[in-house]
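As a plain string of letters, each chain reads:
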Amino acid sequence: MKSLDQIIAECEEIAFDLKFSRARKWKDEQDNRVIVGYLPTYVPREIIHAANGISVGIMGTGDRKQIIKGDAYYQSYICHLPRGVIEMALDNNLDAFDGFLFPAICDCIRNLSGMFKLSKKGKFQRYFDYPQNFSSSIGGKFYIQELEKVLEDIFNVNGVRVTAKALNHSIGLYNKNRHLIETIYTIRQSTPWRLSAVETYYILRAGQCMPVEDHNDILEQVVAHIQKERGEPMDNIRVVVSGSFCEQPPIGLIKSIELAGCYILDDDFMLGSRFIQGNITDDSEDPLHALSEAYLHQSTFSSAFYDVGNPKGKRLVELVRKRASDGIIFCAASFCDPALLDRPELQKEADAAGIPHINFQFHENTGQFKIIKEQAGTFSDSIKLWA
Amino acid sequence: MADPKEAIKENSMIIQKEMLARQFKDLSMAKELGKKVVYTFVPGNLTELILSFDMLPVYPEINALQSGMRKKSAEYIRDAEKIGFSEDVCTYVKCDIGMMLNGNIGPTGEKIPPPDLLLLSYTGCFTFLKWFENLERLYPGVPVAMLHTPYQEDGVMTEDQINYMVKQLKEEVIPKMEQVSGQKYDHARLSKMMENSAKAEDLLVKILESAKIVPSPIDAYFAGVYYIGPIFTAFRGTGEAVDYYTELWNEVQQRIKLGLGPVTPEGEIKEEKFRLVVEGPPNWTNFREFWKIFYDMGAVIVASSYTKVGGVYDLGFRHDPKEPLESLAKYCMGVYTNMNLPQRVDMLEKYVNEYKADGFLINSIKSCNSFSAGQLMIMREIEQRAGVPVGFIESDLVDPRYFSYANIKNRLESYFQMLEQRKIILKQEEATV
Ligand code: SF4
Ligand code: SF4
């Protein structure tokens, strides 16, 4: 077993390798393998796996790439994520990708799908629509049709037809993946010093760029490591971070929050990996139906998803309670419509539940965190003072 | 600054004004009239269906744009920001929320009643979802009906998508409407209304396409936003709308016969110097000043994408009395912002060519990602494919902080100079050939 520090270092490298070498290596090892890139937030990666593919999360360039061409494609008042993605596409970082999925979470991602179509990047560029109707016979059916379109796209590239057996196997692997990730969050809940939020972030983000089997191995090792004591407990407050489900905060920002005295016990950074709560049936004769039911009935909440009837403010409060946290840090990308339009309502719910909160906005390539650190420090101090 | 002189009023304008006055009067008296009120959105609206249940529709974005024109939006936006809305988000939403916080007084000064049904039938923009989540919380307990419109991902509408929408209409939307209105769904009535819709749509297309004539008898952007008013909102499917468009079409024919240019608030355009295709919504807070810049330069907008947000009728779609629910589904999926980017580019290129435009201009709206994300790429594509000079200006729909008259005017003046230059070169080339 590798040391935890070694695992973390490897994960950091894989997570921020904008050449996606790990995925490319996997593809090159066998014929008929495909790489399918997906934008945040969630796609059912199981179907890509079952079709002999690797799904790679395109989570933006962060502060690892200078954006020059991307800025010429977006006005100043549009979030940063898509300009980094375009920059990567134009710089050939994505050339090994066979296709791209653009989940239906906002107008920027939606229109980015059209930009990829216009520039003919990849062999397919698919906007992946989520049903906004949650009945199995209406929205569920629609969702299955969306899944079938993706399978057809991949079939057109590699000729692989997916069987129920293969799909069930893939679902099983991702069930394990989700379960291990949740185990890490559960351990961190009582002993957050054993694995910092940044370390957790590297481990999860790396999982978006490597085969799920390898990631499961890594997660198992991490779980084994953090079952033992590591690090020193600090007199920190415990917080949930909300609003970073798409464009990712810079690592410096996550670090600053921790250094300012806040343990991050839950977050929505790698929401796609944690979007389905619990296991999906993995022995069904109709696994597409199982995936669809999971989407309809086992999804978590996010500003990127419609929620009338099951308001996300209440669900956020529940999460804070479940994690026995002291407060919420609203941390959204500048110009991120879904997150920012939700903010007043989420803050109202937090106020009604007596949960303190603060609010930051960032760009993925923000380099200055002094103010954020000061604010998070004041937030932490005030909670400690009044606790 | 805008010339304060009284704008010319044609008969169709007076008719439209009266229609609107009646609509808001009815709304203010909804309770007395025993009518239920449905809040919904313009793109992908189900107006005929709402009217077939004798309910009254309210379109929050129309209220927002009217607030912008009446110079109320700054105050409303400020109030929404006070309760936590970010400076960065769609100003229509903030304006609407602000209007509600200030008593929900509509454009005619009368109070808009609270909703009996929130009908989230929306197309082409995710902000609508957020908007409704906010409305749902502002009006707790009001039933919500959702109609999810699939995006034209592959540039087509599939049978599966149409069936999905019809199923939602039958099993989700109509039952909620029946419950709220206390009336049964009346297929024959809906179908009858669609005969009127199609008639009005035929007329609207003729009116918009009259701009293909050189010089154009209409302005298809600034005046176009008035022309689309009745059909994009509460009047589609009514006899009133057919009458309005008949009158408007008569006026346009008359103008064609007399060789007259477009009517603007400053007077008629006497000489058409430039013909433009415009992409993006207009600015509402300084609408007349904005228009005047074009008027002063003799620039006529011959086609625009904004006048297609409530239906791209010129590409052939009509509401169909023979299959009313299916045609509502197709209508919702077909509106401009639900078309994928390649389709949008194709349409705009076609406009530049068919309307013999000298240039292509984008008015990019700061707070509207649905339109703005991708516009710079659209611009490059049009420049390459159509070979006309392209221009780019920025403003906002209803936030006056983002309308800089001097900046826009400067940019446009340079753009028009470029167009002028090109005309000279083209003329010289023609002469040498
Ligand atoms: S950061 Fe927000 S606005 Fe930008 S692409 Fe992501 S969800 Fe859309
Ligand atoms: S983002 Fe644009 S399309 Fe969407 S509601 Fe706002 S103004 Fe309308």
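Owing to the predicted nature of the structure, the values given are computational and were not obtained by experimental measurement. By convention here, each chain's residues receive numbers from 1 onward along its written sequence. Numbering of ligands from 1 and lettering of chains from A proceed in the order in which they are written. Totals for whole chains, interfaces and linings use every residue, but because this is a predicted model, local features are given only for residues with pLDDT of at least 70 and side-chain atom pairs only at 80 or more, for both listing and counting. The basis for the side-chain values is all heavy atoms of the structure; hydrogens and waters are excluded.

### So, the overall build of chain A
Scanning chain A from N- to C-terminus turns up 15 helices and 8 strands. Values of the radius of gyration come from C-alpha atoms, whereas the globule rule sets the reference at 2.2 Å times the count of residues to the power 0.38. In terms of overall size, chain A behaves like a compact globule, its C-alpha atoms giving a radius of gyration of 20 Å where 387 residues would be expected to give roughly 21 Å. With respect to the principal axes defined by its C-alpha atoms, chain A has extents near 60 × 45 × 45 Å. A simple rule labels every residue: compare its accessible area, found with a 1.4 Å probe on the protein chains alone, to the largest value its type can have, and call it buried under 20%, exposed over 50%, or partly exposed in between. The buried share of chain A, reckoned over its 387 residues, is 66%. Think of it this way: any DSSP run of H or I at least four residues long counts as a helix, any run of E at least two long counts as a strand, and we number them from the N terminus.

### Brief notes about the packing of helix α8 (residues 159–181) of chain B against helix α14 (residues 324–334) of chain B
Residues and elements named next belong to chain B. Structural elements are reduced to axes, namely lines fitted to C-alpha atoms, with helices fitted over the stretch in contact, and the angle between N-to-C directions of any two is expressed from 0 to 180 degrees. At a minimum axis separation of 9 Å, α8 and α14 run at an interaxial angle of 115°. Comparing the axis directions of α8 and α14 gives the class roughly perpendicular. For the crossing formed where α8 meets α14, the hand is right-handed. Judged by residue contacts, Q161, I162, M165, V166, L169, K170 and I174 of α8 engage L325, E326, L328, A329, K330, C332 and M333 from α14. By residue class, the composition of the contact of α8 with α14 is 10 nonpolar, 1 polar and 3 charged. Put simply, angles under 35 degrees are roughly parallel, angles over 145 are roughly antiparallel, angles from 65 to 115 are roughly perpendicular, and the rest are oblique. Each crossing gets its handedness from the near helix: less than a right angle anticlockwise from the far helix is left-handed, clockwise is right-handed. Residues count as neighbours in contact if any of their non-hydrogen atoms are within 4.5 Å of one another. For this classification, Asp, Glu, Lys and Arg are treated as charged, while Ala, Val, Leu, Ile, Met, Phe, Trp, Tyr, Cys and Pro are nonpolar and the rest, including Gly, are polar.

### Remarks on the interface of chain A and chain B
Counting residues at the interface gives 51 residues for chain A, matched by 57 residues for chain B. The term buried area means the drop in 1.4 Å probe accessible area that two parts suffer when joined, counted for both and summed. Here chain A meets chain B over a buried area of about 4800 Å², counting both sides, of which 57% is carbon and sulfur. Ranking the residues of chain A by area buried against chain B places Y77(A), L118(A) and L341(A) at the top, with a combined share of 15%. A pairing counts as a salt bridge when a side-chain nitrogen of Lys or Arg comes within 4 Å of a carboxyl oxygen of Asp or Glu. In this assembly, chain A and chain B are joined by 7 salt bridges. The salt bridge involving R126(A) is made with E153(B); its shortest N-O contact spans 2.8 Å. Under the rule applied, a polar contact is a pair of N or O atoms within 3.5 Å (in protein, one hydrogen donor and one hydrogen acceptor; residues adjacent in sequence only if both atoms are side-chain atoms). For the pair chain A and chain B, the number of links is 28 residue pairs in polar contact (both at pLDDT 80 or more). Every element with two or more residues in the side of chain A that touches chain B is listed here: α5 (107–118), β4 (124–128), α6 (136–158) and α14 (337–352) of chain A.

### Describing the confidence of the model for chain B
pLDDT measures the predictor's confidence residue by residue and takes values from 0 up to 100. This prediction gives chain B a mean pLDDT of 95; 98% of its residues lie at or above 70. Reported confidence for the predicted complex is 0.95 by ipTM and 0.96 by pTM.

### Describing helix α5 (residues 73–82) of chain B
Residues and elements named next belong to chain B. All of the buried residues in α5 are S73, Y76, I77, D79, A80 and E81. The elements touched by buried residues of α5 are α4 (60–69) and α6 (91–101). Just downstream of α5, G84 is the residue with a positive phi angle, here 115°.

### Regarding the pairing of β4(A)
Residues and elements named next belong to chain A. With 5 of 5 residues buried, β4 is to be regarded as a mostly interior element. Side-chain alternation along β4 places F124, R126 and F128 on one buried face and Q125 and Y127 on a second face that is also buried. DSSP calls a pair of strands paired once it identifies at least 2 bridges connecting them. Taken together, the 5 bridges between strand β3 (residues 99–103) and β4 define a ladder with parallel strand orientation. Residue pairing for β4: P103 is matched across the bridge by F128. Handedness rule for crossovers: strands pointing away from the viewer, path from the first strand over the helix to the second running clockwise, crossover right-handed. Taking the sense of rotation as the criterion, the β-α-β connection linking β3, α5 and β4 turns out right-handed.

### A short note on the site of ligand 2
Proximity is defined per residue: if any heavy atom of the residue lies within 4 Å of a molecule or strand, that residue is considered near it. Inspection of the region around ligand 2 gives C90(B), Y92(B), C125(B), T127(B), F128(B), W131(B), S367(B), C368(B), S370(B) and L397(B) as its neighbouring residues. Among the residues making up the shell around ligand 2, the classes are represented as 7 nonpolar, 3 polar and no charged.

### What to know about unusual backbone geometry
At the junction of P40(A) and T41(A), the peptide bond is cis and its omega measures out at 15° in the coordinates. On the secondary structure map, T41(A) appears in the loop between β1 (34–38) and α3 (45–50). Residue V214(B) is joined to P215(B) through a cis peptide bond whose omega torsion reads -5°. Within the chain, D54(B) stands out as a residue other than glycine whose phi angle is a positive 60°.

### Re the sheet that holds strand β9 (residues 359–365) of chain B
All names here are of chain B. Spatially, the 4 strands line up as an open sheet ordered β8-β7-β9-β10, and their pairing is parallel. At either end of the open sheet lies a strand with only one pairing partner, and these are β8 (299–304) and β10 (390–395). The sheet shows a mean angle of 30° between the axes of neighbouring strands, direction not considered. Where strand β7 (residues 274–279) and β9 come together, 4 bridges link them in parallel fashion. For E279, the partnering residue across the bridge sits in β9 and is I362. Against the sheet, helix α17 (residues 375–386) makes contact with β7, β9 and β10, and its axis sits at roughly 180° relative to β9, the strand it touches most. Against the sheet, helix α18 (residues 405–432) touches β7, β8, β9 and β10, its axis set at about 170° to β10.

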